[in-house]
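Listed below, chain by chain, are the residues.
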Amino acid sequence: MEPDTEPRGTVTQREQSMVLNDVNMLYHIYATVPPIAQTLMMELQRKNHVEYLLRGLQQLGPSFCSLDANRPWICYWILHSMALLGEFVDADLEDRTIEFLSRCQMPHLATTYAAVNALISLGGEKSLPSINRSKVYTFLKCMKDPSGAFRMHDAGEIDVRACYTAISVASILNILDDELLQNVGNYILSCQTYEGGIAGEPGSEAHGGYTFCGLAAMILINEADRLDLAALIGWVVFRQGVEGGFQGRTNKLVDGCYSFWQ
């Protein structure tokens, strides 16, 4: 029996081939249907989106139990999506959402960011005053690290995400001051890699999510020009795959999430 000499490829190569085949099939279907059908295929199903989002805001299935710690994120994603679609919740749902967000767990910068933005997305007479800016500022100061960066929570990781969420919350609540700003730009600058993208922490690999966070934070503190923007743009451009979407890191598959960040 002759040995199998046909190259099998790596797991990454096989998965990439599967994605390419799936996307090529969809492009082929699109290219072979009449123009009217192409228009319908490209149309955003707004009504269906709104119905789906409202169902999620009223009650989620038991499979979401594992995401209990992420409840502010779920609220924010739903409410922000509805705002983008031009839909707003009624007073009853606003009250229930505020109550829901008030029963969260241990303080964390990421969920603080999500909760604050969820309440702002609601934009009602009750939701905006429910944000205690003084307590938020005290929490942000407690998360400030001597390096100038921020940590996600008590004894938590220090990274670019924490910097962005802290600076973004402080900026949108108009509580950003010199103490919170101190050395944030230096830390983010140290996270830009030789590739051009931005890593989560110094010495790590450039990553689409961290690049978004790092660049957004530098824009908010008016220090974006300190980054090597040409290299950053070059890195982002080369993260686009032949399918049209973007990958988060080199040699990773493209997906919708990273296409947004990139």
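Residues numbered from 1 in each chain as written. Predicted model: local features only at pLDDT ≥ 70, side-chain atom pairs only at ≥ 80, totals over all residues. Heavy atoms only, no water.

The name recorded for the protein chain in an unreviewed UniProt entry is Protein farnesyltransferase subunit beta, from Citrus sinensis.

**Points about the overall build of the protein chain**
The test is simple: For the purposes of this entry, the term helix denotes a DSSP run of H or I that reaches at least four residues, the term strand denotes a run of E that reaches at least two, and both are numbered from the N terminus. In this scheme, a residue with accessible area under 20% of its type's maximum is buried, one over 50% is exposed, and one in between is partly exposed, where area comes from a 1.4 Å probe on protein chains only. We call two residues in contact when some of their heavy atoms are within 4.5 Å. For the accessible areas, the method is Shrake-Rupley and the probe is 1.4 Å, while residue cover comes only from the protein chains on display. In summary, the charge assignment counts Lys and Arg as positive and Asp and Glu as negative, without counting His or the chain termini. The atoms used to mark charge sites are NZ of Lys, CZ of Arg, CG of Asp and CD of Glu.
Helices and strands together make up the secondary structure of the protein chain, namely 13 helices and two strands. In terms of principal-axis extent, the alpha carbons of the protein chain reach across some 70 × 45 × 40 Å. Sorting the 262 residues of the protein chain into buried and exposed places 38% on the buried side. In the protein chain, the share of contacts with a sequence separation of at least 24, taken over all contacts with a separation of at least 6, comes to 61%. A total of about 15,700 Å² of accessible surface is found on the protein chain, and carbon and sulfur atoms cover 57% of it. Positive and negative side-chain charges of the protein chain, numbering 19 and 30 respectively, have mean locations separated by a distance of 5 Å.

**Side note on the pattern of salt bridges**
Condition: Basic side-chain nitrogens of Lys or Arg form a salt bridge, by our definition, when they fall within 4 Å of a carboxyl oxygen of Asp or Glu.
Evaluation of the coordinates by the stated rule reveals seven salt bridges. Across the pair Asp95 and Lys126 runs a salt bridge, and its minimum N-O distance is 3.2 Å. Placement of Asp95 in helix 5 (residues 91-102) and of Lys126 in the loop between helix 6 (109-122) and helix 7 (133-143) is noted, with a sequence separation of 31 residues between them. Using a relative accessible area of 30% as the deciding quantity, one classes Asp95 as partly exposed. Where salt bridges share partners, they join Glu157, Asp159 and Arg161 into one cluster.

**Considerations on the layout of surface pockets**
The line we're drawing: A 1.4 Å probe that fits into a set of points on a 1 Å grid over the protein atoms alone but cannot get out defines a cavity; an open set with protein on both sides within 12 Å along at least five of seven lines defines a pocket, and lining residues are those with an atom within 4 Å of a point. Grid points are joined across faces, edges and corners, and a volume is the space filled by probe spheres set on the points. Residue classes follow a fixed rule: Ala, Val, Leu, Ile, Met, Phe, Trp, Tyr, Cys and Pro count as nonpolar, while Asp, Glu, Lys and Arg count as charged, and any other residue, Gly among them, counts as polar.
What the largest pocket holds in volume is close to 750 Å³. With six residues, helix 4 (residues 71-84) is the single largest residue contributor to the lining of the largest pocket. Classifying every residue of the lining of the largest pocket gives 15 nonpolar, six polar and one charged. Computed from the structure, the second largest pocket encloses a volume of approximately 530 Å³. In terms of lining, the second largest pocket is formed by 20 residues, of which the most central are Leu101, Thr112, Ala115, Val116 and Val136. Listing elements by their share of the lining of the second largest pocket, those giving two or more residues are helix 5, helix 6 and helix 7. Looking at the lining of the second largest pocket element by element, the count peaks at five residues for helix 6. Of the residues assigned to the lining of the second largest pocket, the class counts are twelve nonpolar, seven polar and one charged.

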